[in-house]
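Analysis of the macromolecular model
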Amino acid sequence: MFGFLKQVGDYTRDAVDAARNLTQGLAVTFDHMKRRPVTVQYPYEKLIPSERYRGRIHYEFDKCIACEVCVRVCPINLPVVDWVMNKATKKKELRNYSIDFGVCIFCGNCVEYCPTNCLSMTEEYELAAFDRHSLNYDNVALGRLPTSVTTDPSVLPLREFAYLPAGEIDPHVVDPDRPRAGKRPDQLLAAMKSAAAVSTLDAGESTTVSTDRKESAE
Ligand code: SF4
Ligand code: SF4
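Summarised in this report is the structure supplied together with it. Chains are numbered independently. Their residues run from 1 in the order of the written sequence. Note on labels: chains are lettered from A, ligands numbered from 1, in written order. Whole-chain, interface and lining totals are the exception, using all residues; otherwise, since this is a predicted model, local features are given only for residues with pLDDT of at least 70 and side-chain atom pairs are given and counted only at 80 or more. Calculation of side-chain values draws on the structure's entire complement of heavy atoms; hydrogens and water are dropped beforehand.

We now examine the overall build of the chain. Numbering of helices and strands starts at the N terminus; helices are DSSP runs of H or I of at least 4 residues and strands are runs of E of at least 2. Helix and strand counts for the chain come out as five helices and seven strands. Computed over its C-alpha atoms, the radius of gyration of the chain comes to 32 Å, more than 25% above the 17 Å expected for a compact globule of 218 residues. Summarising its shape, the C-alpha atoms of the chain cover approximately 110 × 90 × 40 Å along the three principal directions. A total of 218 residues make up the chain; the buried ones form 21% of that total. With an accessible surface of roughly 16300 Å², the chain has 59% of that area assigned to carbon and sulfur atoms. In summary, the charge assignment counts Lys and Arg as positive and Asp and Glu as negative, without counting His or the chain termini. A charge is said to be at NZ when it belongs to Lys, at CZ for Arg, at CG for Asp and at CD for Glu. Within the chain, the 30 negative side-chain charges are centred at a point lying 5 Å from the centre of the 27 positive side-chain charges. In this treatment the radius of gyration is a C-alpha quantity, and the globule benchmark scales as 2.2 Å times the residue count to the 0.38 power. When a residue's accessible area, from a 1.4 Å probe over protein chains only, is under 20% of the maximum for its type it is buried; when over 50% it is exposed; and in between it is partly exposed. The accessible surface values rely on the Shrake-Rupley method and a 1.4 Å probe; as for residues, cover is taken only from the protein chains in view.

Attention shifts here to the sheet that holds strand 4 (residues 91–100). Each pair of strands is called paired provided DSSP finds at least two bridges between the two strands. Taken together, the three strands give an open sheet; going across it, the order is 3-4-6, and neighbouring strands pair in antiparallel fashion. Two strands close off the open sheet at either side, each with one partner strand: strand 3 (80–86) and strand 6 (136–137). Inspection of the sheet shows strand 3 paired to strand 4 by seven bridges, in the antiparallel sense. Bridged to Val81 within strand 4 is Tyr97.

Let's shift gears to the site of ligand 1. Around ligand 1, 14 residues are found, and the nearest of them are Cys64, Cys67, Glu68, Cys70 and Cys114. Split into classes, the residues belonging to the shell around ligand 1 amount to 12 nonpolar, one polar and one charged. The criterion for a residue being near a molecule or strand is simple. One of its heavy atoms has to lie within 4 Å of it. Lys, Arg, Asp and Glu make up the charged group, whereas Ala, Val, Leu, Ile, Met, Phe, Trp, Tyr, Cys and Pro make up the nonpolar group; the residues left over, Gly among them, are polar.

Taken together, the neighbourhood of ligand 2 is formed by Ile57, Cys74, Pro75, Leu78, Pro79, Cys104, Ile105, Phe106, Cys107, Gly108, Asn109 and Cys110. Grouping the constituent residues of the shell around ligand 2 by class yields 10 nonpolar, two polar and no charged.

Structure below.
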């Protein structure tokens, strides 16, 4: 008899617990429905890529010396450097340079090791094409100025989490003019210099005061 009553009691307690947990879960869910969605509404809103974002590679034909370092450091020896040796001047003459972005893994090794800085990474990430052969960029296509999220009038640029002011987590509600968290090295240096100047001034004043006191005592 007592065993049966204990079973009924346990069952009732479990049922009440389950109902309470369910209600708590639903309360959390309905509470979330009141919050602003964190969704970035691409393509009308776009996140601004970070300052070291590795997007489409930009190339400057005039600076290239055809050393082929970019080819040697590339994990798949991808850049194609087409040059001929001018026997009269004993110099390499560059004819064409191309990178196939259908194969590139955007590791940035070529940019890192180029001795003349003629390669750079851009923030361009929209490279979709219907034909993969059109992803093989020659030196003209590589030299095109990159698109930018911040200069596109049809797009609302939003800052990524690392670029928000301290304590903020949603870029939608942050004033674009508010600076990101922390200080730049030059701001820190200026603050340190002004603090040092103030402390020197204070020390000078206290020396003057003590000298005055000595003089008056004499
Ligand atoms: S490393 Fe730079 S300079 Fe050398 S071939 Fe490549 S792009 Fe040209
Ligand atoms: S980004 Fe990497 S994979 Fe692409 S061309 Fe440069 S070194 Fe090669």
